[in-house]
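# Overview (structure and organization)
Each chain is listed here by its residues.
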Amino acid sequence: MSRYFYYLFWLSLLINTIFFVPRLLMNERFNGSIMSVALGIVYGSVCAIIFVLSMNQFPGEGLPEILKRYVPDWIRVPSLLFLGGMFAIAGSLILIAFSMVTLRFLSPETNPAVMLLCYCGLGCFAACFRPSAILNINEIVLLVNFPFIFYIMYKSVTSRDIDWDSIQVLSDYALKPPNLIAFAAATYPFTGYLKLVLYNRIFKKLKIKHLWLIPLTGLLVMLSSFLSPVGLLGVDSVGEYLYTWISTADTLRMQFGFIQRVVFLFLFIYIGFSLLYITTCWNIYVNFVTDAIGKTTITVKSRKIPVQVLASLAISVITLVSGFRTSDKGMLDFVIGWQYIRLATEALLVISVVWFALLRRRQKRHA
Amino acid sequence: MHRAAKTLAILGMALAFAGCGFKDLDKRFFVIAVGIDEGKTAPYKVSLKLAIPSPKTEPGEAKFQVITQEAETIAEAVRLAKSKVDKEFDFGHAQLIVIGKAFSDDHELGHSLDWFFRRRDIQMISYMGIGVPDAEAVIKTKPLSERLPGNGLILPFSKEGTESPYLVPVHLFDYYRMWKYKGKDPFLPVIKSEPETFIIENVVILKGTKKKLELSPDETSIFNQLARSYPRFAMKAQVQNKWVTFTGTRLKVSYKILTPAGGTPEVRFRVSAEVESEDAQRPLFDLSWTQLERLVAAEMKDQMLALLRKFQQNGVDPIGLGLHYRATRHQGDAEYGKWQEIYPEVRFSMHVQVRFKGTGVIK
């Protein structure tokens, strides 16, 4: 059963090492990225591990139940809404970013409105699934795509064209002091563990094991995601690419594949991953909103409509509209601002959950 | 009432999808190669090699059409060329970018080729080369054995077909990164068009983005050995006044940059190779193999040193010595400036170790 937790963690790891994060890291590559990545890996792993250990104190309870135990309603409701909103934005960002990527690389002739509508529609539909169903989809999609991901990573690291001198040039900048935005970007891929705030409900009798997998897989994925673009696109020019990892995948060639451009294989895998990520994030948001409101249905004109549906419709419409209005540049600016808020929220959340777990242990001992 | 609404919604979605604007395969022209020349009336002349699909894939049956268009920019030329054909261009299969010799002689080859770097549908793994006499002639050449349009050039570049020691393939992304590297200069292979075939036997070295130096085929082979440790080389040497040709079976080239305090900076190459004799005007088996090895080593050393000094005199660095210097020193941004001071004075030394594997099937 522990594996379901790792699917959530790995999904986030794989998605976020592709979108935004490499671009933010590459922008700062001469300016403290390496130190930030090193610190990010340590910080991300430590947060993940203490968070998981703390959540293990509350078998079968998600954050809404835990908050109900320890804090008054006037804190619980706004914080649930806020956290739900953060998850919703995380999903929407990936949705918009991926729709831009699809438009640019896969099917430039498609109407952007239709494309966004399809993605939002699917996200909206799937976000209302039961949480256990979401975990099952996670398993299926990830297991199907893992072999291809390994293949692409293996190929990018062992490529003949990778320029090791280029990577070594970066070593001079390893001791530059880390900067906040690169640090925030480097910790972002590790945030998959936060999804436990909802899905811990499903882990009724279980303690999550094999926690060493968190730093190990995190380190491997982060390194290959940070270093292979530098080696393949060149240390001096990697910062000029807007879609860092897609261009990196395009430098690889499958001599005996059906299609020789690895980038298409890559994009098809990431369609699955992105939709899955969106679904998972929005599912958390939808459930948190329902819990915050405290009712499962709302009566509109004497008809009962589930809160879940309303919430997922709302986020879909917001995403659709903002997807229309934004651009590559607007997105990046927004993501930079958002990363700071996210980093602070994450720290606060981890600290409070650890605090609750300590309280819980003390209660148990006294009882 | 409900059912009607649902049906309408589904129908509406179906209509929306129908408007995806997707073009069928038979309404597309696949561009196989793009050529850039200097135009007579405009700065650019773009030639596009369009594949014409045919049911027969037999040698010499590859069909294609070449469209040329002159314009102020590449993008404009492609737009204008669209009015000369009936189908939509698809650049997703453009695997070859040929730059005309005249164009490469008097243009910088960086920002003038921006279109290729910027377009999303040009493969980063397409190959680049300089076309002689011009790009259009190369694009129009039709090798007799070609089974698929454009394959005559793509096979040698991708090394799926012939593996020539005189061909140093350059991918688009590789060119871009070499252009931007501080400490490595780009190079491009030269494709000569003949009536029914191509000759690809040498490379041009650029300084920044300007053409600087054209290597001879022999120098190209040496360059291929130095820069990429390409093992399949051929080398001629005199053994007791008779010519003997040796071919390589294994090659490893590594180097170190030494900057002793106060002394002259030195680049120390270490080469280890395994060779066989392939063509000899006298029996070799009973000669001393150690001496043969020494002979080959001396010959390789001379040729490699001569080429390195040629690069140094011309101030170009296609092997990436400067990049290696940056990689192995720890002074951050100051390194490149230092390297530029060092490079003209650097001394090359070369230790070649050759193992003679055999004389073939006869003595």
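Here we take up the packing of helix α5 (residues 73-106) of chain A against helix α14 (residues 307-325) of chain A. When two helices pack together, their arrangement is captured by the angle between the axes and the distance separating the axes. Residue and element names in this part refer to chain A. The interhelical angle for the contact between α5 and α14, taken along N-to-C directions, is 40°, at an axis separation of 10 Å. In terms of orientation, α5 and α14 fall into the oblique class. Between α5 and α14 the crossing geometry is right-handed. Contacts from A88, S92, L95 and I96 in α5 reach I315, T319, S322 and G323 in α14. Looking at the contact of α5 with α14 residue by residue, the class counts come to four nonpolar, four polar and no charged.

We now examine empty space enclosed by the protein. To find the voids left in a structure, one rolls a probe of water-molecule size over its atoms. Residues and elements named next belong to chain A. Here the structure, examined in full by the defined rule, presents five cavities of 30 Å³ or more. There is about 200 Å³ of room inside the largest cavity. Looking at the largest cavity, it is lined by 15 residues, and the ones nearest its centre are M86, F87, T191, L194 and R342. For the lining of the largest cavity, the secondary-structure elements that each account for two or more residues are α5, α13 (262-293) and α15 (328-366). Among the elements that take part in the lining of the largest cavity, α15 stands out by supplying five residues, more than any other. Looking at the lining of the largest cavity, its residues break down into 10 nonpolar, two polar and three charged.

Side chains three or four residues apart in an α-helix point the same way, a direct result of the helix having 3.6 residues per turn. Residues and elements named next belong to chain B. Between its first and last C-alpha atoms helix α8 (residues 217-228) spans 16 Å; for 12 residues at 1.5 Å apiece the expected length is 16 Å, and the two agree. Buried within α8 we find E219, T220, S221, I222, F223, N224, Q225 and L226. After α8 finishes, the residue S229 shows a positive phi value of roughly 50°.

What follows is about the confidence of the model for chain A. Confidence in the prediction for chain A averages 89 pLDDT; 99% of positions are at 70 or higher. At the low end of the mean pLDDT range in chain A sits strand β1 (residues 297-300) of chain A, at 80; at the high end sits helix α3 (residues 33-55) of chain A, at 93.

To continue, consider the pairing of strand β9 (residues 210-214) of chain B. Residue and element names in this part refer to chain B. Both strand β8 (residues 198-207) and β9 contribute to a ladder of four bridges, which runs antiparallel. Bridge pairing in β9 links L206 to K211. A loop of two residues connects β8 with β9, the two strands running antiparallel in sequence, and G208 in this loop sits at a positive phi of about 65°.

Conventions we followed
Residues numbered from 1 in each chain as written. Chains lettered and ligands numbered in written order. Predicted model: local features only at pLDDT ≥ 70, side-chain atom pairs only at ≥ 80, totals over all residues. Heavy atoms only, no water. Axes fitted to C-alpha atoms, helices over the stretch in contact; angles between N-to-C directions. Helix = DSSP H or I, 4+ residues; strand = E, 2+ residues; numbered from the N terminus. Parallel < 35°, antiparallel > 145°, perpendicular 65-115°, else oblique. Left-handed = near helix turned anticlockwise from the far one by under 90°. Contact = heavy atoms within 4.5 Å. Nonpolar A, V, L, I, M, F, W, Y, C, P; charged D, E, K, R; others polar. 1 Å grid on protein atoms, 1.4 Å probe; cavity = no way out; pocket = protein on both sides within 12 Å on 5 of 7 lines; lining within 4 Å. Points joined across faces, edges and corners; volume = space filled by probe spheres on them. Expected span 1.5 Å × (residues − 1). Buried < 20%, exposed > 50% of the residue type's maximum accessible area, 1.4 Å probe, protein only. pLDDT = per-residue confidence, 0-100. Pairing = 2+ DSSP bridges.

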